[in-house]
Amino acid sequence: MITQQHLASFKRANRDICAPEKVLNSAIISADISSGWEEYLEIFDAFYADHVEVSDGAESSAIFGRERIRALLFKFLVPLHVMAEIGGLSVQIRESPILGDTADETHSAWAVDLIGESGRTCQISWCTLRRWADSRVVYERHYDHQQTGGPLTFDDLRLSPSPASVGDQPPF
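Calculation criteria
- Residues numbered from 1 in each chain as written.
- Predicted model: local features only at pLDDT ≥ 70, side-chain atom pairs only at ≥ 80, totals over all residues.
- Heavy atoms only, no water.
- Helix = DSSP H or I, 4+ residues; strand = E, 2+ residues; numbered from the N terminus.
- Pairing = 2+ DSSP bridges.
- Salt bridge = Lys/Arg side-chain N within 4 Å of Asp/Glu carboxyl O.
- Buried < 20%, exposed > 50% of the residue type's maximum accessible area, 1.4 Å probe, protein only.

Draft legend 1. Highlighting the environment of A133. You can see A133 is positioned in strand β5 (residues 121–133). In this structure the C-alpha to C-alpha distance between A133 and E105, which are 28 residues apart in sequence, comes to 9.5 Å.

Draft legend 2. Broad picture of the pairing of strand β3 (residues 90–98). Inspection of the sheet shows β3 paired to strand β4 (residues 105–115) by nine bridges, in the antiparallel sense. Its bridge partner lying in β4, I93 is registered against V112. Hairpin connection between β3 and β4: a loop of six residues separates the two successive antiparallel strands.

Draft legend 3. Seen up close, the pattern of salt bridges. Scanning the entire structure with this criterion turns up eight salt bridges. Residue R66 is joined to D50 by a salt bridge in which the shortest nitrogen-to-oxygen separation is 2.5 Å. Of this pair, R66 sits in helix α3 (residues 66–85) while D50 sits in strand β1 (residues 48–55); the two residues are 16 residues apart in sequence, bridging distant segments of the chain. The shortest N-O distance in the salt bridge between D156 and R120 comes to 2.8 Å. One end of the pair, D156, is in the loop between β6 (136–148) and α4 (163–167); the other, R120, is in the loop between β4 and β5, with 36 residues separating them in the sequence. We classify D156 as buried; its relative accessible area is 5%. On the basis of relative accessibility, which here comes to 35%, the residue R120 falls in the partly exposed class. Look at the salt bridges and you will find they share partners, linking E21, R130 and E140 into a network.

Now the structure itself:
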């Protein structure tokens, strides 16, 4: 049987990791990829431990160390930024907490809507489990990946000049 003291300790420990989790998630949601990718990397540096492990659940997919994960984030964020800034892609991020039963873990459900200039939408959703130590994420696992809508194409973005503007160009 759980005593009141243990229950209070559990609630306090849970509240201790819920605060940085909320701050981290709010920072991710409020960052604007069309303005640049740097803010996301700053968020990552501020909240993730040097020895963090990130996984999609498969043992062979685990990536260890903040610098390796940071490099992968960079490779993902730069094209997304270009598509948002130049291609007219709209990116909308949402997060919902999921109740968990372990004091040092947090769970949340994420959804990202990628909306092309054409109006076509692709939604990507997943859940995240994070383990925290000393207000830093030391483990993150992404699971339950889903995609609604097909991938966006060049026709959905503003990445190529329109035929009218090509005709207005002077010859070489």
